[in-house]
Amino acid sequence: MRSSSVSHPDNERAVDLHIATVSEGGKGAGGWGAVLRWGTAVREIQGNELATSGSRELQMLAVATGLRALTRSAPVRLHSDRPGFDLAPGMSSRVFWAGRSHEDPDGARATALAGDALQKAIKQLEALCIHELTTRSCWQCRPQAAGLPARVKVTSGGLVYHLDEACPALHDGWRKLERRGGIRSSLDSVPMVDALARGFGACEVCGSVR
């Protein structure tokens, strides 16, 4: 995570975000859990992937979803194993990695949520598909781990992220904007976790890696 000139929020009223991930290994199913704590207020979140490219992807999803769940603007202490991704400058100025203690009750709860999410994913994979095979064993129905890129491209006025700056949908949107007298917005490269935390969805044309 990038360094920041902003003071560490040890003595500030910060939100604590505890995350944990667990997976079957390889490109199997994975689950993640997150616990947000601000004073006495606590919120628990979990999610899973039927096929994941690894812990980096799960950590990215846990952090992005946790940040999107915040209801106030406050510094965030991120309790996790060191994430393998960067945050955008605007985000890294308020998110601080604080390490993870496996004895912390919130950290333990995040681990439990991740384990529960993984079991839900496994249950889906073991269910029969329309071909009367388990979903994980059917070559037509089994999920594939596409993975998430480290960085994506977004525009200031857009709602989706792009993987390719030559995306036809992106340029078609620019042309429509210019015909209405608008000005083409710049295309910025941002960390994927930042795009997810800001609520960007995948472009249906070039961003369908998931």
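What counts and what doesn't
- Residues numbered from 1 in each chain as written.
- Predicted model: local features only at pLDDT ≥ 70, side-chain atom pairs only at ≥ 80, totals over all residues.
- Heavy atoms only, no water.
- Salt bridge = Lys/Arg side-chain N within 4 Å of Asp/Glu carboxyl O.
- Helix = DSSP H or I, 4+ residues; strand = E, 2+ residues; numbered from the N terminus.
- Buried < 20%, exposed > 50% of the residue type's maximum accessible area, 1.4 Å probe, protein only.
- pLDDT = per-residue confidence, 0-100.
- Contact = heavy atoms within 4.5 Å.
- Pairing = 2+ DSSP bridges.
- Axes fitted to C-alpha atoms, helices over the stretch in contact; angles between N-to-C directions.
- 1 Å grid on protein atoms, 1.4 Å probe; cavity = no way out; pocket = protein on both sides within 12 Å on 5 of 7 lines; lining within 4 Å.
- Points joined across faces, edges and corners; volume = space filled by probe spheres on them.
- Nonpolar A, V, L, I, M, F, W, Y, C, P; charged D, E, K, R; others polar.
- Core = buried A, V, L, I, M, F, W, Y, C linked by side-chain atoms within 4.5 Å.
- Expected span 1.5 Å × (residues − 1).

**Thoughts on the pattern of salt bridges**
For side chains bearing opposite charge, pairing can occur when the charged atoms are close. All chains considered together, the criterion is met by 10 salt bridges. Note that Arg-77 is salt-bridged to Asp-16, the shortest N-O span being 2.8 Å. Remark: Asp-16 occurs in strand E1 (residues 15–23) and Arg-77 occurs in strand E4 (residues 76–79); sequence separation between them is 61 residues. The exposure class of Asp-16 is buried, given its relative accessible area of 14%. A salt bridge links Arg-136 to Glu-126; its shortest N-O distance comes to 2.6 Å. Of the two residues, Arg-136 sits in the loop between helix H3 (105–126) and strand E6 (151–155) while Glu-126 sits in helix H3, which places them 10 residues apart along the sequence. Overlapping salt bridges, with partners in common, bring together Glu-24, Glu-126 and Arg-136 in one network.

**Notes on the confidence of the model for the chain**
Mean pLDDT for the chain: 88, with 93% of residues reaching 70 or above. With pLDDT under 50 throughout, residues 1–7 is counted as low confidence; its partners more than four residues away or in other chains account for 19 contacts.

**So, the sheet that holds strand E2 (residues 30–38)**
As summarised here, the arrangement of the 5 strands in space is E3-E2-E1-E4-E5, forming an open sheet in which the pairing is mixed. A single partner strand is all that each edge strand has here, and the edge strands are strand E3 (41–49) and strand E5 (95–97). With direction set aside, neighbouring strand axes in the sheet form an average angle of 20°. For E4 and E5, the ladder comprises 3 bridges, and the chain directions are parallel.

**What to know about the layout of surface pockets**
Within this model, the largest pocket holds a volume of roughly 340 Å³. Lining the largest pocket we find 17 residues, and of these Thr-155, Gly-157, Gly-158, Leu-170 and Gly-173 sit closest to its centre. Broken down by element, the lining of the largest pocket gets its largest block of residues, 6 residues, from helix H4 (residues 168–179). Residue composition of the lining of the largest pocket, grouped by class: 8 nonpolar, 6 polar and 3 charged. Estimated volume of the second largest pocket: approximately 170 Å³. As for the second largest pocket, its lining consists of Val-15, Leu-36, Arg-37, Trp-38, Ala-41, Val-42, Arg-43, Ala-69, Leu-70, Thr-71 and Arg-72. When residues of the lining of the second largest pocket are traced back to their parent elements, those giving at least two are E2 and E3. Here the lining of the second largest pocket is composed, by residue class, of 7 nonpolar, 1 polar and 3 charged.

**With respect to the nonpolar core**
Leu-17, Leu-67, Tyr-161 and Leu-196 are the most contacted members of the largest nonpolar core, which totals 34 residues. Secondary-structure elements contributing two or more residues to this core are E1, E2, helix H1 (55–68), E4, E6 and helix H5 (192–197). In terms of residues, this core owes the most to one element, H1, which gives 7 residues. Ignoring any residue separated from it by four or fewer positions in sequence, one finds Leu-17 in contact with Ala-34, Val-35, Leu-36, Val-63, Gly-66, Leu-67, Val-76, Arg-77, Leu-78 and His-79.

**With respect to H1**
Here H1 spans 20 Å end to end across 14 residues, near enough to the 20 Å set by a 1.5 Å rise per residue. Most of H1 sits inside the fold, with 10 of its 14 residues counted as buried. Residues Glu-57, Leu-58, Gln-59, Met-60, Leu-61, Ala-62, Val-63, Ala-64, Gly-66 and Leu-67 constitute the buried set of H1.

**Regarding H4**
For H4, spanning 12 residues, the distance from its first C-alpha to its last is 17 Å, which sits close to the expected 16 Å at 1.5 Å a residue. Among the residues trailing H4, Gly-181 stands out with phi positive, at a value near 90°.

**Quick notes on the pairing of E1**
The sheet contact formed by E1 and E4 spans 4 bridges and is parallel. Counterpart to His-18 in the pairing with E4 is His-79. As judged from the 8 bridges shared by E1 and E2, these two strands associate in the antiparallel manner. Paired with Val-22 across the two strands is Gly-31, which belongs to E2. Counting the residues in the hairpin turn of E1 and E2 gives 6 residues, including Gly-25, whose phi is positive at 100°.

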